[in-house]
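# Fold and geometry: a report
Chain residues, written in single-letter form:
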Amino acid sequence: MNPADLPTAHDVVDFWRSAGPDRWFAKNDAFDAEFGGRFLAAHEAAALGELDHWSNEPEGALALMVLLDQFPRNTWRGNARMLATDAKALAVARKAIEAGLDLKVDEELRRFFYLPFMHSESLADQERSVELNAALDANTQRFAVLHRDIIARFGRFPHRNKLLGRTSSAEEQRFLDEGGFAG
């Protein structure tokens with residue numbers, strides 16, 4: 001695709017902002033299909049590093065967070081591909097936070113700079129997630145603590161084991177069977 005035909009960072013952020021919290025985290029096949037249809041080429045370009053220049057300003061960095069962290073989770077639910085750009089999202093988030101770009105977007109959207117830390121299976125990243133999310137609303141902080149506690153307990157997210165072809169330990173399986181966090 002011709003780079004001129006790709007959505008802009010503003011297009012991505014405007015779509016995401018308009019979708020709002022009711023659709024950001026809910027399973028909604030129609031929304032996921034619309035999101036995927038409109039932004040697949042932009043996600044692929046971001047994954048290949050073709051949009052890295054966006055990371056130098058707040059709206060562009062936010063657009064990359066949406067494309068690299070949220071887009072795959074909506075578009076490929078239940079498929080390992082949903083995790084494929086997590087490392088890139090985390091790298092962009094680190095750079096953006098270090099530059100203070102997260103503090104230059106609306107508070108409601110700031111959480112998307114912090115989610116790559118929450119999605120990481122590294123305890124250090126989870127601790128950073130709790131720290132970053134402490135400045136946001138109590139519900140977001142509650143999820144940060146929940147994610148951190150799972151990684152502290154298991155060293156990974158048990159609900160990803162099947163998806164990633166990992167064998168669950170007896171303790172992990174018990175956690176899942178008892179209704180433990182499922183993602």
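None of these values were measured; they are calculated from a predicted model. (Residues numbered from 1 in each chain as written. Predicted model: local features only at pLDDT ≥ 70, side-chain atom pairs only at ≥ 80, totals over all residues. Heavy atoms only, no water.)

### Examining the overall build of the protein
Check the secondary structure of the protein and you find nine helices and zero strands. Listed by position from the N terminus, the elements making up the protein come as α-α-α-α-α-α-α-α-α. The globule rule puts the C-alpha radius of gyration for 183 residues at 16 Å, and the 16 Å found for the protein is close to it. With respect to the three principal axes, the spread of C-alpha positions in the protein is 50 × 30 × 30 Å. The proportion of buried residues among the 183 residues of the protein is 48%. Considering only residue pairs separated by 6 or more positions, the protein has 58% of its internal contacts joining residues 24 or more positions apart. Approximately 9,000 Å² of the protein is accessible, and the part contributed by carbon and sulfur atoms is 51%. Taken together, the 22 basic and 29 acidic charged side chains of the protein have centroids lying 4 Å from each other. (Helix = DSSP H or I, 4+ residues; strand = E, 2+ residues; numbered from the N terminus. Rg over C-alpha atoms; globule rule 2.2 N^0.38 Å. Buried < 20%, exposed > 50% of the residue type's maximum accessible area, 1.4 Å probe, protein only. Contact = heavy atoms within 4.5 Å. Areas by Shrake-Rupley, 256 points an atom, 1.4 Å probe, with all protein chains shown as cover. Lys, Arg positive; Asp, Glu negative; His and termini not counted. Charge placed at Lys NZ, Arg CZ, Asp CG, Glu CD.)

### Topic: the nonpolar core
Trp 16, Phe 35, Leu 51, Trp 54, Leu 67, Phe 112 and Phe 113 are the most contacted members of the largest nonpolar core, which has 47 residues in total. At nine residues, helix 4 (residues 58-75) tops the list of elements feeding residues into this core. Residue contacts for Leu 67: discarding those within four places in its chain leaves Val 12, Phe 39, Ala 42, His 43, Ala 46, Leu 51, Trp 54 and Pro 72. Listed in part, the six residues of the second largest apolar core include Ile 151, Phe 154, Phe 157 and Phe 175. (Core = buried A, V, L, I, M, F, W, Y, C linked by side-chain atoms within 4.5 Å.)

### Section: the side chain of Arg 111
Residue placement: Arg 111 occurs in helix 6 (residues 107-118). Relative accessible area serves as the criterion here: at 16%, Arg 111 is assigned to the buried category.

### Quick look at helix 1 (residues 9-19)
All of the buried residues in helix 1 are Ala 9, Val 12, Val 13, Phe 15, Trp 16 and Ala 19. The buried residues of helix 1 occupy an angular sector of 160° when projected down its axis, which confines them to one face. At its buried positions, helix 1 is contacted by helix 2 (21-24), helix 3 (29-47), helix 4 and helix 6. Remark: Gly 20 follows helix 1 within two positions and exhibits a positive phi of approximately 75°. (Arc of directions from axis to C-beta.)

### A closer look at the packing of helix 3 against helix 4
At their nearest, the axes of helix 3 and helix 4 sit 9 Å apart, and the two run at 130° to each other. Comparing their axes, helix 4 and helix 3 come out oblique. For the element pair helix 3 and helix 4, the recorded crossing hand is left-handed. Touching Phe 31, Asp 32, Phe 35, Gly 36, Phe 39, Leu 40, Ala 42, His 43, Ala 46 and Ala 47 of helix 3 are Leu 64, Val 66, Leu 67, Leu 68, Gln 70, Phe 71, Pro 72, Asn 74 and Thr 75, all from helix 4. Classifying every residue of the contact of helix 3 with helix 4 by side-chain character gives 13 nonpolar, five polar and one charged. (Axes fitted to C-alpha atoms, helices over the stretch in contact; angles between N-to-C directions. Parallel < 35°, antiparallel > 145°, perpendicular 65-115°, else oblique. Left-handed = near helix turned anticlockwise from the far one by under 90°. Nonpolar A, V, L, I, M, F, W, Y, C, P; charged D, E, K, R; others polar.)

### Remarks on the domain arrangement of the protein
Each assigned domain of the protein is listed with its residue range as follows: domain 1 (1-105) and domain 2 (120-182). Each of domain 1 and domain 2 has a C-alpha centre, and the two are 22 Å apart. Taken together, the contacts link 10 residues of domain 1 with seven residues of domain 2. Summing both partners gives a buried area of about 560 Å² for domain 1 against domain 2, and 67% of it is carried by carbon and sulfur. The largest contributions to the domain 1 side of the interface with domain 2 come from Ala 80, Leu 83 and Ile 97, which together make up 57% of the buried area. Inspection of the domain 1/domain 2 interface yields one salt bridge. Arg 94 is the partner of Asp 125 in a salt bridge, and the nearest nitrogen-oxygen pair spans 2.5 Å. Inspection of the region where domain 1 meets domain 2 yields one residue pair in polar contact (both at pLDDT 80 or more). Among the elements that make up the side of domain 1 that touches domain 2, the one with the highest residue count is helix 5 (residues 86-98) (four residues). A per-class count over the side of domain 1 that touches domain 2 returns five nonpolar, two polar and three charged. (Domains from an automatic or database assignment. Buried area = accessible area lost by both parts, 1.4 Å probe. Salt bridge = Lys/Arg side-chain N within 4 Å of Asp/Glu carboxyl O. Polar contact = N/O pair within 3.5 Å; in protein donor to acceptor, adjacent residues only side chain to side chain.)

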